[in-house]
Amino acid sequence: MKDSFEKRLRTLHEVGNRLSRAESVEELCRSIVELGTSELGFDRLSIWFVDKNPKYLIGSFGVDEKGRLRKEIGERVLRDDDPAVRHIHTDRSHSVLEAGVPLRNGSGKVVGRGAHIIATIWDGQKVVGYLSADNLLSKDPIGEHDREILELFASTFGHLYSLKKAEEEVRSAYSRLKDVQHQLIQSAKMEVVGSLASGAAHEVKNPLAVMLQGIEYIAGKTEASDRGAHTTLERMRRAVEKADSIIRGLLDFSAVSKLSYTPQNLNSIIEKALRLVSYDIDRSKINTVREFQKDLPDVRIDDNKIEQVLVNLFLNSIYQMPDGGKLIIRTYSKKAPRGGFKVFIEIEDTGPGIPEEIMDKIFNPFFTTRRAAGGTGLGLAIVRNIMDMHDGKVEIANKKVGHGVKAVLAFPTNKRR
Amino acid sequence: MRKKILIVDDEKDFTELIKLNLEQTHLYDVMTENFPQRAISTAKKFKPDLIFLDIMMPKVDGGGVLFNLKNDPQLKNVPVVFLTAIVNEDETDTISGYQTVSKPITIDQLMDVIKKNIK
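Small disclaimer: the values here were computed from a predicted structure and weren't measured.

Asks: Could you give me a rundown of the overall build of chain A, with the residues and numbers involved?
Replies: Looking only at helices and strands, one finds 9 helices and 14 strands in chain A. Within chain A, residue pairs in contact and separated by at least 24 positions form 63% of the contacts whose partners lie at least 6 positions apart. Of the roughly 22,800 Å² of accessible surface on chain A, 52% is carried by carbon and sulfur atoms.

Asks: Before we move on, could you go through the confidence of the model for chain B and cite the residues and values that matter?
Replies: On average, chain B scores 88 in pLDDT, and the residues at 70 or more come to 92%. Here the predicted complex carries an ipTM of 0.81, next to a pTM of 0.46.

Asks: How would you explain the sheet that holds strand β1 (residues 3-8) of chain B if you had to name every residue and give the values?
Replies: Residue and element names in this part refer to chain B. Here 5 strands make up an open sheet; going across it, the order is β2-β1-β3-β4-β5 and the pairing parallel. With one partner strand each, in any of the chains shown, β2 (28-33) and β5 (100-102) form the two edges of the open sheet. Each strand axis lies, on average, 25° off the axis of its neighbour in the sheet, ignoring direction. Across the face of the sheet, helix α2 (residues 39-46) comes into contact with β1 and β2 while running at roughly 170° to β1.

Asks: So, the nonpolar core: which residues are in play, and what are the values?
Replies: Buried together is how nonpolar side chains tend to be arranged in soluble globular proteins. Residue and element names in this part refer to chain A. Among the nonpolar cores identified, the biggest contains 46 residues, and I306, L310, F314 and I396 are the most heavily contacted of them. With 7 residues, helix α8 (residues 303-320) is the single largest residue contributor to this core. In this view, F314 contacts I270, A273, L274, V277, L327, I329 and I347; residues no more than four positions away in its chain are not counted. Of all hydrophobic cores here, the second largest spans 33 residues; its members include A22, L131, I149 and L150.

Asks: Explain the side chain of T15(B) to me, using residue names and the numbers behind them.
Replies: Residue and element names in this part refer to chain B. Along the polypeptide, T15 turns up in helix α1 (residues 12-24). Side-chain polar atoms of T15 contact the backbone oxygen of K12, separated by 3.0 Å. Looking at T15, its side chain comes within polar contact range of the side chain of N34, at 3.0 Å. With near-sequence residues (within four places) excluded, T15 lies in contact with I7, D9, T32 and N34.

Asks: Residues and numbers for helix α2 (residues 25-38) of chain A, please.
Replies: End to end, α2(A) covers 20 Å across 14 residues, agreeing with the expected 20 Å (1.5 Å per residue, within 8%). When we look at burial in α2(A), the residues that qualify are V25(A), L28(A), C29(A), S31(A), I32(A), V33(A), L35(A) and G36(A).

Asks: Lay out helix α3 (residues 62-70) of chain B in plain terms, naming residues and giving numbers.
Replies: Considered for burial, the residues of α3(B) that qualify are G62(B), V65(B), L66(B) and L69(B). Seen along its axis, α3(B) keeps its buried residues to an arc of 100°; they face one direction.

Asks: I'd like to hear about the packing of aromatic side chains, residue by residue, with values.
Replies: All names here are of chain A. According to the stated counting rule, one finds 5 aromatic pairs over all chains in the structure shown. Here the aromatic rings of F49 and F157 are separated by 6.4 Å at their centres, their planes lie at 45°, and the arrangement is tilted. With F49 in strand β1 (residues 44-50) and F157 in helix α4 (residues 144-221), the pair connects residues that are 108 residues apart, well separated along the chain. Taking the centre distance of 5.0 Å and the plane angle of 15° together, the rings of Y332 and F344 count as stacked. Taken as a pair, Y332 in strand β11 (residues 325-335) and F344 in strand β12 (residues 341-349) lie far apart in primary sequence, 12 residues in all. Overall, Y332 belongs to the partly exposed group, its relative accessible area being 22%. Judged by relative accessible area, F344 falls into the buried class, the value being 13%.

Calculation criteria
Residues numbered from 1 in each chain as written. Chains lettered and ligands numbered in written order. Predicted model: local features only at pLDDT ≥ 70, side-chain atom pairs only at ≥ 80, totals over all residues. Heavy atoms only, no water. Helix = DSSP H or I, 4+ residues; strand = E, 2+ residues; numbered from the N terminus. Contact = heavy atoms within 4.5 Å. Areas by Shrake-Rupley, 256 points an atom, 1.4 Å probe, with all protein chains shown as cover. pLDDT = per-residue confidence, 0-100. Pairing = 2+ DSSP bridges. Axes fitted to C-alpha atoms, helices over the stretch in contact; angles between N-to-C directions. Core = buried A, V, L, I, M, F, W, Y, C linked by side-chain atoms within 4.5 Å. Buried < 20%, exposed > 50% of the residue type's maximum accessible area, 1.4 Å probe, protein only. Polar contact = N/O pair within 3.5 Å; in protein donor to acceptor, adjacent residues only side chain to side chain. Expected span 1.5 Å × (residues − 1). Arc of directions from axis to C-beta. Phe/Tyr/Trp six-rings, centres within 6.5 Å; stacked < 30°, edge-to-face > 60°.

Given below as structure tokens:
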């Protein structure tokens, strides 16, 4: 038994209140279809938006011929012979009721016959789409009151839709603005690091050079039997080397660091980088596993810089596995969509992984979790910087919580340098 | 016959220590010049087999000294190596085709460079 028209109007008012609480356009569309069927008594209700090309309608949410709620129900050409749509267009009325017409599903297939209402969705300026409703399943009669209810429903929807859409646009513009601001801050930071680096390099490396020469001079003058003196000098020498390595890290950002590209096989670059960290690998009893593609295409890279990228990533993995583990290094190539190949290096460890809360900071210059152990926080920043200079990509993610980290480096092969 | 090495660098502490260390090996005679504007006249008198040249120096920088060296008929064939604090050691041969080594540097590394650059 159908509710009275007045009762349905009250229901419509309540439904409108509930709809206004929707947090996104998508939630609004879903609620329209859900409430339109559960509260307003239509068997099937669907939303069709006019596409950028006004000849097309794009289906949003809708109820199919079996009564199930569906998303993205289909696409329809707005046909000139569609009497209902034509009626709305020519008469400028907001809704139309047709009896005894073919009822269709999302893909346009006829699934029955009966009465059918469509009502325009008006955003305040133009028709943005149509609500379509019928009683395909219950075969309940549809009359003028139903048409009026749907028209009011579509009008409520239209206003809320334009509101939510505007809200979403503002939100997405705000988040884009935030991203751009973030990027600007990042690149400003990089620039500061770059100019600091070349200045600091000169001011710090010269005194370091004097200290190193002094240490060597005193070492030459000290009796070999004076072990205390030699140990002290060795400690001083290591301190100089440590300071120099920080400066070198900083210099990698600065403009004086030029790249020279030659065609290289990444498998052999990996071997070279592994040799540089072999002491650390052995000390932590780490098992290295190589899964190399044999006929890997050459890539044009600065081999010293890429070696540094690999060493930085290897060392990060090694630090994650002080009591042993597996370091898996994989290479492979894929055909690139625009010709040539993309060559990939994957580095996996079996350490505890990176805490999710710091994941978005790992590439920031000076961000480190190993400050006490002498970390400069430049390792991954340098990795990204070098990969950027190669038009390459670096991605780092946890494999599964507590199951280690996977780093993926991607290199294009079709770049001319 | 000991090879003659000229070091042009405004950092006096550095040049003095390099001189001491290289001379300890008894393989080289070392002259230092801390005023780049005097580098050409010093080189003409000393007749070095190799010149180490700093890049960032006051008044005349390493590039300026190099230009004057290469335009001097007496000095133009003397090999030059940049010894500088502004590049990393893996970036050799990047400055105008001249080998470039980075400070700080050990005496062993320096001797390797000397051997490579003096025939």
